[in-house]
Amino acid sequence: MTTTTSSRGRRRAPSKVQRAAGKAAALQKPRVILALLLLLALTCIMLLDGYLRAEVGGDQRVRSGASSNKVPDKILEGGPIVTFRGGQATTLSVPEKTIALTFDDGPNPTYTPQVLKILEKYDVPATFFVVGSMVSRYPGIVKDLVEQGNEVGIHTFTHVDLSYQSDARIKREMTQTQLALAGAAGITTTLFRAPYSSETDAIDNYSWPVYKKLGEEGFTSVFIDTDSDDWKQPGVSKIIKGATPSKNKGASVLFHDAGGVREQTVKALPTYIEKMKAKGYTFTTISGVIQKQEASGQAEADTGAPAIGGRQPGSTQPGTGTGASNLQAAHRTATGATLYEGKALIVAVAVAEWTVPTLSVGLMVVGVAVIGRFGMMLILARRHYRQRNKRRFSWGPPVTRPVSVVVPAYNEKECIANTLESLAKSTHPIEIIIVDDGSSDGTSEIARSAADSLGMRNVRVIRQENAGKPAALNNGVRSASFDIVVMMDGDTVFEPDTVRQLVQPFADPGIGAVAGNAKVGNRNTIIGAWQHIEYVMGFNLDRRMYDLLRCMPTIPGAIGAFRREAVLEVGGMSEDTLAEDTDITIAMHRAGWRVVYQEHARAWTEAPGSLKQLWSQRYRWSYGTMQALWKHRKSLTDKGPSGRFGRVGMPLVVIFQIITPVFAPLIDVFTVYSMIFVDFKAALLAWLAVLGVQLFCAAYAFRLDRERYRYLLMMPLQQLAYRQMMYLVLIHSCITALTGGRLRWQKLKRTGEVGTPAGAG
């Protein structure tokens, strides 16, 4: 906030406008930050969901055929349980007529509960080597699994071949799975089975260092003796045959409860259990095997602490809670930071699991809405163009009587002379009323001087204290001498025929207002070219559509005409919203007046020349539109003309100008995500297809407005940069509306470079 100093040196207190501007500036930064934080949160949620599904950071490489000459023979020829005591690698075998039933790749919401029911029915324990990402997605299943008396081991977080991974990635895979287990069931574990592993004789020179490192950290690596090959879906009989040990040998047997269709596994499991029990086999967990071997003194290891007794960070030794059972001796009760971080992970994953599918549905809805809008605009715009450009089309008897042109001006010294010069060439009789809204740059003096130099005797300059644009317009309407009032901005120039074209629709007594065709004059910069495309494609195609549907939502401030009696009937320009043009347009609809679009009445306006000014302008437009819609929300339940706008125009504006743009960034976010993590080619082709549709619509809009196509070369860049900014502006406006913020009208810096409309091209 600043203060001013008079010529005598006395300091003046900030004006009301300066105080309001300072408050507005102070309020905007937190809301911008909040909008960016929402975008960041969405990105993080998508990355987390992609990581859980192995789309982010996924590694499908699987090593095979590597040498094993650095792996000790006693390991290659030993049992399926590899422990490290005192730094020495040893193996344990499963006792005779004993089955250590193991399941990999779960949990799965369809098959794991079925497997658990079968195990409970036959009173058989098993060891489940779980994938951390699946644990975090289905924590309830893991909790039930543990409470039923089964044991869990780590199968990494994203099911990657660890022999290809760095030490940091290996640590992350293990730690994250432990956190998932802590959050799901309140435990950690010391059992580990590597993805894509099989028997110990398959250990190679690349995987062996991984097992050694994990062994030093207290993990027991578990392999298999017998593979059911159920992942191949060979049939129930072959699964049972593959899982059956030979000659009464004990075995660590591999099944899968996830990772694909496991119907055959579920069907084979009861028959397999019954068959093995009939042969005299008993079932136990991996910890049960170790306890049994050590109790019988048959372990090949030296005496000492059990290999599975390694302590995990954030956990306590077995003996309390779930670790009390010998069948679950590998479990540790999670405590401290591990427990709370695990619960936080489960909550974050739950949010992602709910958010991403919801966003996907939203994406489809937005996509359908966007394509539907394009199709609707093209069909109705073509019909509008053909209807209004027929040789026999007429609004009625020509309107030739004089009209009043009201120009509200606030610090328009750069532009006001050009505005008057363009009006001096008007082919229609007019009076010009310039309302100086408390300018401090000599706008009124420049206007009088320009009028004198042009020999204009039809110009009146009215000065008022700064009260805002609506007040200036109302002052001009009250001072108007004629029944038709044309309104234009102080930075806008008209073509000679603009006023004549603009007032012709008033030949129809039911028409209360006319929207003109606003053009960007300073279109030779990148920002100007982007706005030029937006004006031609978005605003004017939209207005053609709304005109035919008789629900025009906005008459642009740069060029519009009104019946004076209609303006006074609805109470004039309201100060209730920042979008006074949208406010009065809706009010006129509700009063029963018809609002139309006159494409041949063109005005050239100076668009914002910097991103900061553009943000400020569009922020005000978006927020003002929301205010106007909320103000007139009762039209949804009204009858007659008001109800027609409420049930046709308002839903279209809400869907196409608020909801769709707010959620449209999903298209870009999902596209970038797909390009990076899923399928770059497919995502790029999809994006190019959407761009092609937009280019076609834009080209058609340019054809209707007889514009040069060369500006369309800027459209791809517009989609990458400009459109994202407009989305953020709208999100920013929504946050302001939801938090109850209020803004004042903000003056944009002008250059005066838009002079005569000769640059129309």
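Just so you know, these numbers come straight off a predicted model, no measurement behind them.

## Section: empty space enclosed by the protein
Next, step 1: Scanning the model with the defined rule gives 2 cavities of 30 Å³ or more in all.
Next, step 2: When its volume is computed, the largest cavity comes out at roughly 90 Å³.
Next, step 3: Lining the largest cavity are 13 residues, and of these Met487, Pro556, Gly557, Met573 and Asp581 sit closest to its centre.
Next, step 4: Taken together, the elements giving at least two residues each to the lining of the largest cavity come down to helix H14 (469-479), strand S22 (560-563) and helix H18 (580-590).
Next, step 5: Take the lining of the largest cavity: its biggest share by element is 3 residues, from H18.
Next, step 6: Class assignment for the residues of the lining of the largest cavity results in 7 nonpolar, 2 polar and 4 charged.
Next, step 7: Counted as a void, the second largest cavity has a volume near 40 Å³.
Next, step 8: Together, Ile667, Asp668, Trp687, Val690, Leu691, Gln694, Gln719 and Arg723 line the second largest cavity.

## As for the sheet that holds S22
The strands making up a sheet associate through backbone hydrogen bonding, with each pair oriented either parallel or antiparallel.
Next, step 1: In spatial order, the strands read S18-S17-S16-S19-S22-S21-S23-S20; together these 8 strands make up an open sheet with mixed pairing. A strand with exactly one partner marks an edge of an open sheet, and here the two such strands are strand S18 (459-464) and strand S20 (492-494). Put simply, the sheet's adjacent strands are angled 30° from each other on average, direction ignored.
Next, step 2: Bridging between strand S16 (residues 403-409) and strand S19 (residues 484-487) involves 3 bridges; their strand directions are parallel. Looking at the pairing, Val406 lines up with Met487 of S19.

## Observations regarding the packing of helix H11 (residues 336-388) against helix H16 (residues 526-549)
Next, step 1: In the contact formed by H11 and H16, the axes pass within 8 Å of each other and the chain directions differ by 70°. In terms of axis orientation, H11 runs roughly perpendicular to H16. Across from Arg373, Phe374, Met376, Met377, Leu380, Ala381, Arg383, His384, Tyr385, Gln387 and Arg388 in H11, the residues of H16 making contact are Met537, Leu541, Asp542, Arg544, Met545, Asp547, Leu548 and Leu549.
Next, step 2: Of the residues in the contact of H11 with H16, the class split is 11 nonpolar, 2 polar and 6 charged.

## Here's the deal with the packing of aromatic side chains
Next, step 1: In this structure the tally under the stated criterion is 7 aromatic pairs.
Next, step 2: Centroid distance Phe84 to Trp208: 5.9 Å. Interplanar angle 35°. Geometry classified as tilted. You can see Phe84 sitting in strand S3 (residues 81-85) and its partner Trp208 sitting in helix H7 (residues 208-216), a full 124 residues away along the chain. Neither residue differs from the other here; Phe84 and Trp208 are each classed as buried.
Next, step 3: Between the aromatic rings of Phe393 and Trp395, the centroid separation amounts to 5.1 Å while the plane-to-plane angle is 80°, which identifies the pairing as edge-to-face.
Next, step 4: By relative accessible area, which is 28% here, Phe393 ends up partly exposed.
Next, step 5: Among the aromatic residues, those joined into a cluster by ring pairs are Phe103, Phe128, Phe255 and Tyr272.
Next, step 6: The cationic tip of Arg523 hangs over the ring face of Tyr711; the distance from NZ or CZ to the ring centre is 5.6 Å.

Rules used in this analysis
Residues numbered from 1 in each chain as written. Predicted model: local features only at pLDDT ≥ 70, side-chain atom pairs only at ≥ 80, totals over all residues. Heavy atoms only, no water. 1 Å grid on protein atoms, 1.4 Å probe; cavity = no way out; pocket = protein on both sides within 12 Å on 5 of 7 lines; lining within 4 Å. Points joined across faces, edges and corners; volume = space filled by probe spheres on them. Helix = DSSP H or I, 4+ residues; strand = E, 2+ residues; numbered from the N terminus. Nonpolar A, V, L, I, M, F, W, Y, C, P; charged D, E, K, R; others polar. Pairing = 2+ DSSP bridges. Axes fitted to C-alpha atoms, helices over the stretch in contact; angles between N-to-C directions. Parallel < 35°, antiparallel > 145°, perpendicular 65-115°, else oblique. Contact = heavy atoms within 4.5 Å. Phe/Tyr/Trp six-rings, centres within 6.5 Å; stacked < 30°, edge-to-face > 60°. Buried < 20%, exposed > 50% of the residue type's maximum accessible area, 1.4 Å probe, protein only. Lys NZ or Arg CZ within 6 Å of the ring centre and 35° of its normal.

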